[in-house]
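Results of the structural survey
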Amino acid sequence: MLNNVHSGLPFDKLLVVDEKGLTQEVVTKGFRVGQGAKMLVEVNVGNMSGTNPTLDIKVQESYDGVNWFDRVSFARITEPTRERWYHITKGGWYRFVLTPGGESPSMDVFIGIA
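Residue numbers restart at each chain and count upward from 1, following the sequence in its written direction. Restriction of local features to residues with pLDDT of at least 70 applies here, the model being predicted, together with a cutoff of 80 or more for giving and counting side-chain atom pairs; totals for whole chains, interfaces and linings are based on all residues. Side-chain metrics in this entry use all non-hydrogen atoms of the structure; hydrogen atoms and water are not considered.

1. A short note on the overall build of the protein chain
Heads up, the rule is: Helix and strand assignments follow DSSP, with helices taken as H or I runs no shorter than four residues and strands as E runs no shorter than two, numbered in order from the N terminus. Classification of residues uses two cut-offs on accessible area relative to the type maximum, computed with a 1.4 Å probe and protein chains only: under 20% is buried, over 50% is exposed, and between them is partly exposed. In what follows, a contact means two residues having at least one pair of non-hydrogen atoms within 4.5 Å. Per-residue accessibility takes into account occlusion by the displayed protein chains alone, with areas from the Shrake-Rupley method and a 1.4 Å probe.
Helix and strand content of the protein chain: zero helices and seven strands. Ordered by position from the N terminus, the helices and strands of the protein chain form the series β-β-β-β-β-β-β. Within the protein chain, the fraction of its 114 residues that count as buried is 42%. A separation of at least 24 residues holds for 78% of the contacts in the protein chain among residues at least 6 apart in sequence. As displayed, the protein chain has an accessible area near 6400 Å², and 46% of this comes from carbon and sulfur atoms.

2. Examining the pairing of strand β4 (residues 38-62)
Selection rule: A pair of strands is treated as paired once DSSP finds two or more bridges between them.
Judged from the eight bridges that link them, β4 and strand β6 (residues 81-88) form a sheet pairing that is antiparallel. Looking across to β6, one finds that Val-45 is bridged to Thr-81. In this structure, β4 lies alongside strand β7 (residues 92-113), joined through 17 bridges in antiparallel fashion. If you follow Glu-61 over to β7, its bridge partner there is Tyr-94. The sheet contact formed by β4 and strand β5 (residues 69-73) spans four bridges and is antiparallel. Bridge pairing in β5 places Gln-60 opposite Asp-70. In this antiparallel pair of consecutive strands, β4 and β5, the connection spans six residues, and Gly-65 shows a positive phi of 80°.

Here it is as structure tokens:
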């Protein structure tokens, strides 16, 4: 269902983000998902530092891999967490936008999909 699945990751996940010390916005590369696929997104955030650090995560979708629109936003993350989220896709391209906030934020972020 997913293209370019990397072996060796837990649950045969596609590693989308593995950022240690994330301090500024990151937009991932797009990846294709087949029509009707159930996408399990796992988000792990740890080692948050700075004054009132936050992290906003959006999933964006595209039908052509060029023009993107917001599909889903996670609840704002304000403390270390591990979350899982399911999404039935329409097929097409997806990517993540991670936006840290607060004063001098830094955090470790891992996002994998299966």
